[in-house]
Amino acid sequence: MLPKDKLERLAWACEYLRAPDWLFEELKGPKDKFNFRIRVMVGGEKKLFNVIRVQYCNPHSTGARPFKGGLRFHPDVTEELLEILGFDMVKKCALANLPFGGSKGGWIVDTTKLTKAEIRDGTERIAEGFLTRNIIGPDIDVPGPDMGTNSETMFWMYNKIAELNRHRGIPNVAAIVTGKPLECDGCPGREDATATGGLIVLQEYLKISQTLFKMAPRIAIQGFGNVGFNFFKLIPETQFNIIAISDVSGGLYSPNGLNFEKVKKWHKEYGSFKGFPDAEEISNEDLLESDCDILVPAAIENQITAKNAYNIKAGAILELANEAVDSYGYKILKERRIPAIPGIVANTGGVAVSYIEWSNNRGLRPHKVDLEKILADVQTRLDKIMRDVIRTVYNKSAKEALTLDEAADIIALETLRDQLKMKHGY
């Protein structure tokens, strides 16, 4: 079951909609949870690790339209966190009209203490565990990359399941995971889809809200992983001024702006931002409270909370990391009238392009000469999906005097109510 603050928010949304009691009951907790252990050789010794997969809610008929959600490798994975993130995925898919339910999975592990071969061994054992328990499949549940995983991880899963498929005969086995490498049935544009989608949302929001700045908006980005890195790379320097960036160990601040290529080169060479010239070294905490126009938390959950929300100086927030703003943080931002584009809107680009990859994998095996055309199609479709989502949420917010996160929740629950009513015949 969701934690207290999330249940209170769900109850508020159901009451706002005057929804029937069954909607709250359907959404207050996951449909299924799977826990199992894997044995991995680590340093020549067999060790046991716990793996969890949460299938939260599927407003469609499972077996025709699957659950969809990331797979993260991190020591802080818990059932409660996966339930929260699984519910977020349900809402993202509802907002973007994607034919998925929501799920989330995790391997409780510190991958920094494993070799690459050990991580691959663990990944393959997870794939076998999912397959033998009938947890995943192109029409059952389709994992994708998340924190601690990437396209290589997804290839390892795909490759192992494909090897075993001669005994299972799963049709369209390429559609069993998304986020695969391009040369292994992946989709062009997937690697930076979350960042690209976030940029589209930000640009469209500034346009429709008629938010004006005296000069190029100053942006602070927390996070230099896949999402933060690509968002920094994609940001047009002629439109925005990136004044701060950070990774897990700290960051940089320069009121004159930071150049992506110079920052990337330094971080690649030295493994951190320490010593970077012409910029002040700052902590992640300082970055979050820095004087900027747009704050982009793109690292990990629970970064803007009751502890620091009163200190936020940003004029607006683009939540690119899942659950970067917690429930209490959102309440304080509302009180302070700081608009925050929630993660279920801002970071939907990843699952949107995963949908295109999954859809293509149902029958398409493109040649490399087709990739340019496919990429153009992906970009066009992603642009339309993201603009439609933020426009719908913004219009609801303006019409009914709701915050952006409140409007997003209400629209998602309206869609889920109608889908579940059709599915169950309520």
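Residues numbered from 1 in each chain as written. Predicted model: local features only at pLDDT ≥ 70, side-chain atom pairs only at ≥ 80, totals over all residues. Heavy atoms only, no water.

J.: With reference to specific residues and values, describe the overall build of the protein.
T.: When you go through the protein residue by residue, the secondary structure sums to 14 helices and 12 strands. At 21 Å, the protein has a C-alpha radius of gyration in line with the 22 Å of a compact globule built from 426 residues. Taken along the three principal axes of its C-alpha coordinates, the protein extends 65 × 55 × 45 Å. Looking at the protein as a whole, 57% of its 426 residues qualify as buried. For the protein, long-range pairs separated by at least 24 residues make up 70% of all intrachain contacts whose partners lie at least 6 apart in sequence. Carbon and sulfur atoms provide 49% of the accessible area of the protein, an area that totals close to 18,900 Å². Side chains of the protein give 56 positive and 57 negative charges; the mean places of these two sets differ by 4 Å. (Helix = DSSP H or I, 4+ residues; strand = E, 2+ residues; numbered from the N terminus. Rg over C-alpha atoms; globule rule 2.2 N^0.38 Å. Buried < 20%, exposed > 50% of the residue type's maximum accessible area, 1.4 Å probe, protein only. Contact = heavy atoms within 4.5 Å. Areas by Shrake-Rupley, 256 points an atom, 1.4 Å probe, with all protein chains shown as cover. Lys, Arg positive; Asp, Glu negative; His and termini not counted. Charge placed at Lys NZ, Arg CZ, Asp CG, Glu CD.)

J.: Tell me about the sheet that holds strand 8 (residues 250-253), residues and numbers included.
T.: One open sheet holds the 7 strands; their spatial order is 9-8-7-6-10-11-12, and the pairing between them is mixed. Here the strands that pair on one side only, and so sit at the sheet edges, are strand 9 (280-282) and strand 12 (340-341). On the sheet, helix 7 (residues 226-234) packs against strand 6 (218-222), strand 7 (241-247), strand 10 (294-297) and strand 11 (316-318) and is oriented at approximately 155 degrees with respect to strand 6. (Pairing = 2+ DSSP bridges. Axes fitted to C-alpha atoms, helices over the stretch in contact; angles between N-to-C directions.)

J.: For the environment of Pro 75, give the residues involved together with the corresponding values.
T.: Mapping Pro 75 onto the fold places it in the loop between strand 3 (67-73) and helix 3 (79-95). A relative accessible area of 41% means that Pro 75 is categorised as partly exposed. Taking the C-alpha atoms as reference points, Pro 75 and Trp 266, separated by 191 residues in sequence, lie 28 Å from one another.

J.: Outline the pairing of strand 1 (residues 32-42), supporting the account with residue identities and numerical values.
T.: As defined by bridge partners, strand 1 adjoins strand 2 (residues 45-57) across 11 bridges and the pair is classed as antiparallel. Bridged to Phe 34 within strand 2 is Arg 53. Linking strand 1 to strand 2, which pair antiparallel, is a turn of 2 residues; within it Gly 43 sits at a positive phi near 60 degrees.

J.: Can you explain the packing of helix 12 (residues 349-360) against helix 13 (residues 371-400)? Please cite residues and give values.
T.: The geometry of helix 12 relative to helix 13 is characterised by a closest axis approach of 10 Å and an angle of 135 degrees between their N-to-C directions. By the angle between their axes, helix 12 is oblique relative to helix 13. Crossing of helix 12 over helix 13 shows right-handed handedness. Counting all contacts with helix 12, which are made through Gly 349, Ala 352, Val 353, Tyr 355, Ile 356 and Asn 360, the residues of helix 13 involved are Ile 374, Val 378, Arg 381, Leu 382, Ile 385 and Met 386. (Parallel < 35°, antiparallel > 145°, perpendicular 65-115°, else oblique. Left-handed = near helix turned anticlockwise from the far one by under 90°.)

J.: Pulling in residues and values, what's your account of the nonpolar core?
T.: In terms of nonpolar packing, the biggest core is built from 82 residues, with Ile 219, Phe 231 and Val 345 touching the most fellow members. Of all the elements, helix 14 (residues 404-424) adds the most residues to this core, at 9 residues. Here Val 345 is in contact with Leu 95, Val 201, Met 386, Val 389, Ile 390, Val 393 and Ala 408, once residues within four sequence places are set aside. Counting 28 residues, the second largest nonpolar core, distinct from the first, contains Ala 127, Leu 131, Val 173 and Ala 174. (Core = buried A, V, L, I, M, F, W, Y, C linked by side-chain atoms within 4.5 Å.)

J.: Help me get a handle on the pattern of salt bridges, residues and values and all.
T.: Per the counting criterion, the structure on display carries 31 salt bridges. The shortest N-O distance in the salt bridge between Lys 6 and Glu 323 comes to 2.7 Å. Taken together, the positions of Lys 6 in helix 1 (residues 4-17) and Glu 323 in the loop between strand 11 and helix 10 (327-335) put the pair 317 residues apart, joining distant regions of the chain. One exposure class covers both Lys 6 and Glu 323, and it is buried. One salt bridge in this structure joins Glu 79 and Lys 33, with 2.9 Å as the shortest N-O distance. Residue Glu 79 is located in helix 3, and its partner Lys 33 is located in strand 1; the two are separated by 46 residues in the primary sequence. (Salt bridge = Lys/Arg side-chain N within 4 Å of Asp/Glu carboxyl O.)

J.: Describe the pairing of strand 3, listing the residues and the values that go with them.
T.: Summarising burial for strand 3: 7 of the 7 residues are buried, a large majority. In this region the chain leaves strand 3, passes through helix 3 and returns to the parallel neighbour strand 4 (residues 101-107); the handedness of that crossover is right-handed. Pairing analysis gives 5 bridges linking strand 3 to strand 5 (residues 141-145), with the strands arranged parallel. When the bridges of strand 5 are listed, Leu 71 appears paired with Pro 145. (Right-handed = clockwise from strand over helix to strand, strands pointing away.)

J.: With reference to specific residues and values, describe the sheet that holds strand 4.
T.: Spatial ordering of the open sheet is given by 1-2-4-3-5, a layout of 5 strands whose pairing is mixed. Looking at the sheet topology across the chains shown, the edges are occupied by strand 1 and strand 5. Direction aside, neighbouring strands of the sheet carry axes that sit 25 degrees apart on average.

J.: Please give an account of the side chain of Ser 254 that cites residues and values.
T.: Mapped onto the fold, Ser 254 is located in the loop between strand 8 and helix 8 (260-270). The class for Ser 254 is buried, based on a relative accessible area of 5%. If we ignore the near neighbours within four places in the chain, the residues touching Ser 254 are Ile 243, Asp 278 and Ala 279.

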